[in-house]
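# Reading the structure
Here is what each chain is made of, one letter per residue.
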Amino acid sequence: MLIVVAGFPSAFVGILFTGSLLIEVIFSLDGLGLLGFEAAINRDYPVMFGTLYFFTLLGLLLGIVGDLMYVVIDPRIDFEARRA
């Protein structure tokens, strides 16, 4: 179960970006996935970096949630510093 929790954040962000882009293209919606894709095609660097920042921040937050889920799944895991 820990392997699933460890791989969840990166897989979720990839699926979120790809899924949002696909849904936005199919249903002609305006959203962050299509905005980032069009910014990359048109070389609009500030918008592209903004969407990259958002998805990276989302990935980091999901990584923290994944680390906290370690403790829920296996209480023997703790993140306190050990002093020798």
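What comes next concerns the included structure. (Residues numbered from 1 in each chain as written. Predicted model: local features only at pLDDT ≥ 70, side-chain atom pairs only at ≥ 80, totals over all residues. Heavy atoms only, no water.)

### Considerations on the packing of helix 2 (residues 32–41) against helix 3 (residues 45–73)
- Between helix 2 and helix 3, whose axes approach to 8 Å, the crossing angle comes to 140 degrees. Between helix 2 and helix 3, the angle falls in the class oblique. Helix 3 is crossed by helix 2, and the crossing has left-handed handedness. Side by side, helix 2 and helix 3 meet where Leu32, Leu35, Gly36, Ala39 and Ala40 of the first sit next to Val47, Met48, Thr51, Phe54 and Phe55 of the second. (Axes fitted to C-alpha atoms, helices over the stretch in contact; angles between N-to-C directions. Helix = DSSP H or I, 4+ residues; strand = E, 2+ residues; numbered from the N terminus. Parallel < 35°, antiparallel > 145°, perpendicular 65-115°, else oblique. Left-handed = near helix turned anticlockwise from the far one by under 90°. Contact = heavy atoms within 4.5 Å.)

### Re the packing of aromatic side chains
- This model, assessed by the stated rule, comprises two aromatic pairs.
- Residues Tyr45 and Phe49 carry aromatic rings whose centres are separated by 6.3 Å and whose planes lie at 25 degrees to one another, so their mutual orientation is stacked. Separated by four residues within a single helix, Tyr45 and Phe49 lie in helix 3, roughly one turn from each other.
- A relative accessible area of 43% places Tyr45 in the partly exposed class.
- Judged by its relative accessible area of 52%, Phe49 falls in the exposed class. (Phe/Tyr/Trp six-rings, centres within 6.5 Å; stacked < 30°, edge-to-face > 60°. Buried < 20%, exposed > 50% of the residue type's maximum accessible area, 1.4 Å probe, protein only.)

### Brief notes about the environment of Asp67
- Counting through the fold element by element, Asp67 comes out in helix 3.
- Here Asp67 falls in the partly exposed class, since its relative accessible area comes to 37%.
- Separated by ten residues in the primary sequence, Asp67 and Ile77 place their C-alpha atoms 9.9 Å from one another.

### Structural notes on the side chain of Thr51
- Within the secondary structure layout, Thr51 lies in helix 3.
- The class of Thr51 is buried, set by a relative accessible area of 7%.
- A distance of 2.9 Å separates a polar side-chain atom of Thr51 from the backbone oxygen of Met48.
- Residues in contact with Thr51, not counting those within four places in the same chain, are Leu32, Leu35 and Gly36. (Polar contact = N/O pair within 3.5 Å; in protein donor to acceptor, adjacent residues only side chain to side chain.)

Purely spatial values, then, with no claim about function.
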